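Topology and contacts: notes
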Amino acid sequence: ISMQFLLSPNVSGIGKSLDIIEEKLAKYGLNRKDITKSMLTAEEVMTSLLENSENPDKIYLSVRRVFEDISIEISVAGREFSFEKSLAFGTPLDMEDIGPDTELTIRNMILRSVVKDLKYRHRNGINSVRITVVKSKRAMLYKTLGAMALAIVLGILLRLLAPEGFCAGLNDMLLVPVKTMFMNALKMV
């Protein structure tokens, strides 16, 4: 399930996007703590992306649920920048030295605390950050079962449609060496 929204790149647009995120995550049954953490992260990501865009016209927001994975993707048109390096910037907080970099420092501290859940990419002049809110514990199982089913279907199709020589060559040149390496790796463990 995917929900996509176009919002204005200003304070009201950010506020509206946070309301949308809160509504959608509550609909997916997340607890209040995870919703609040996701909203705070999304707000800081939007601010960071808007700071690195020359003339933003829209914020693209997408809240997705695929199997049990829930993610938020935020995109803003702009120049490519090093998202990881931008998180490193900031001054240590000292209560006597509150200055203009304080907001940036706090934002970077928040984003660094959740950096493992963030994925940045730049494509076609658009900066995007995906925030993984919930990672399915069974995602790898689903992928493995899907790969096995696809392999069975592909094997049946090759057996029915491909010439005998092609199937024998594929078996001798690719499948037997891969199986041998896999079995030898298992023996080492």
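Every value quoted in this text rests on a predicted model; they were computed, and no experiment measured them. (Residues numbered from 1 in each chain as written. Predicted model: local features only at pLDDT ≥ 70, side-chain atom pairs only at ≥ 80, totals over all residues. Heavy atoms only, no water.)

**Describing the overall build of the protein chain**
What the protein chain contains, in helices and strands, is 6 helices and 5 strands. Tracing the protein chain from N to C terminus, the helices and strands come up as β-α-α-β-β-α-α-β-β-α-α. Residue burial in the protein chain is summarised as follows: out of 189 residues, 32% are buried. Nonlocal contacts in the protein chain, meaning residues at least 24 apart in sequence, comprise 68% of its contacts between residues at least 6 apart. When the accessible surface of the protein chain is split by element, carbon and sulfur atoms take 62% of a total near 12700 Å². (Helix = DSSP H or I, 4+ residues; strand = E, 2+ residues; numbered from the N terminus. Buried < 20%, exposed > 50% of the residue type's maximum accessible area, 1.4 Å probe, protein only. Contact = heavy atoms within 4.5 Å. Areas by Shrake-Rupley, 256 points an atom, 1.4 Å probe, with all protein chains shown as cover.)

**Some points on the pattern of salt bridges**
Where charged atoms from two side chains of opposite charge approach closely, those side chains can pair. Scanning all chains against the criterion turns up 7 salt bridges. The shortest N-O distance in the salt bridge between K24 and E23 comes to 3.5 Å. Its relative accessible area of 11% is what places K24 among the buried residues. Here R138 and E68 are joined by a salt bridge, their closest N and O atoms 3.0 Å apart. You can see R138 sitting in the loop between β5 (126–134) and α5 (139–161) and its partner E68 sitting in the loop between β2 (59–66) and β3 (69–77), a full 70 residues away along the chain. Among the charged side chains, a network of salt bridges with common partners joins R64, E73, R121 and R130. (Salt bridge = Lys/Arg side-chain N within 4 Å of Asp/Glu carboxyl O.)

**Some details on the environment of S48**
Following the sequence through the fold, S48 ends up in helix α2 (residues 32–51). Residues S48 and L111, spaced 63 residues apart in sequence, show a C-alpha to C-alpha distance of 9.7 Å.

Geometric values such as these leave the question of function open.
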